[in-house]
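What the coordinates show
If you want the building blocks of each chain, they are given just below.
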Amino acid sequence: MTQDDQLWWAKFREVKRPYIENDEYRMICEMHARCNNVAVDYPCKCNPKKIQKMIDELNLIYDKL
């Protein structure tokens, strides 16, 4: 996770709302791919479990820093 990613993720975690904005969705997908060295995957927004799994995995990476 780059320093820019860390700053963005810290700000993202401060937001308390039950949905994510479209730009946040794209950033989560792209950051998840970068941090896990995999191809970018944009799961259907109708599948919040997969998106939440990405967020959970990014939280684990962030918390280890």
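Since the model is a prediction, treat every value here as computed from it, not as a measurement. Each residue is numbered by its place in its chain's sequence as written, counting from 1. Totals for whole chains, interfaces and linings use all residues, but because this is a predicted model, local features are given only for residues with pLDDT of at least 70 and pairs of side-chain atoms are given and counted only at 80 or more. Side-chain measures were taken over the full set of non-hydrogen atoms in the model, leaving aside hydrogen atoms and water.

In this section: the pattern of salt bridges. The working definition used for a salt bridge is a side-chain nitrogen of Lys or Arg within 4 Å of a carboxyl oxygen of Asp or Glu. Tallied over the entire structure, the rule returns 5 salt bridges. Across the pair Arg13 and Asp63 runs a salt bridge, and its minimum N-O distance is 2.9 Å. Of this pair, Arg13 sits in helix α1 (residues 3-14) while Asp63 sits in helix α3 (residues 48-64), and the two are 50 residues apart along the sequence. Accessible area is worked out with a 1.4 Å probe on protein chains only. A residue is then buried under 20% of its type maximum, exposed over 50%, and partly exposed in between. A relative accessible area of 32% places Arg13 in the partly exposed class. Between Glu57 and Lys53 there is a salt bridge, with its nearest N and O atoms 3.6 Å apart. With Glu57 and Lys53 both in helix α3, this residue pair falls 4 residues apart, about one helical turn. Starting at the N terminus, helices and strands are each numbered in turn, a helix being any DSSP run of H or I of at least four residues and a strand any DSSP run of E of at least two.

Let us now look at the side chain of Asp5. Position of Asp5 among the secondary structure elements: in helix α1. Two residues form a contact once any of their heavy atoms are found within 4.5 Å. Residues in contact with Asp5, not counting those within four places in the same chain, are Met27, Met31 and Arg34.

Let us now look at the packing of α1 against α3. Interaxial angles span 0 to 180 degrees and are taken between N-to-C directions of axes, which are lines fitted to C-alpha atoms, for helices over the stretch in contact. At a closest axis distance of 11 Å, the pairing of α1 and α3 adopts a crossing angle of 120 degrees. Considering the angle they form, α1 stands oblique to α3. The interaxial crossing formed by α1 with α3 has left-handed handedness. From α1, Gln6, Trp9, Ala10, Phe12 and Arg13 reach across to α3, where they touch Ile55, Leu58, Asn59, Tyr62 and Asp63. Residues are grouped as follows: Ala, Val, Leu, Ile, Met, Phe, Trp, Tyr, Cys and Pro are nonpolar; Asp, Glu, Lys and Arg are charged; all remaining types, including Gly, are polar. Residue composition of the contact of α1 with α3, grouped by class: 6 nonpolar, 2 polar and 2 charged. Working definition: roughly parallel below 35 degrees, roughly antiparallel above 145 degrees, roughly perpendicular at 65 to 115 degrees, and oblique for all remaining angles. For any pair of crossing helices, the crossing counts as left-handed if the nearer helix is rotated counterclockwise from the farther one by less than a right angle, and right-handed if it is rotated clockwise.

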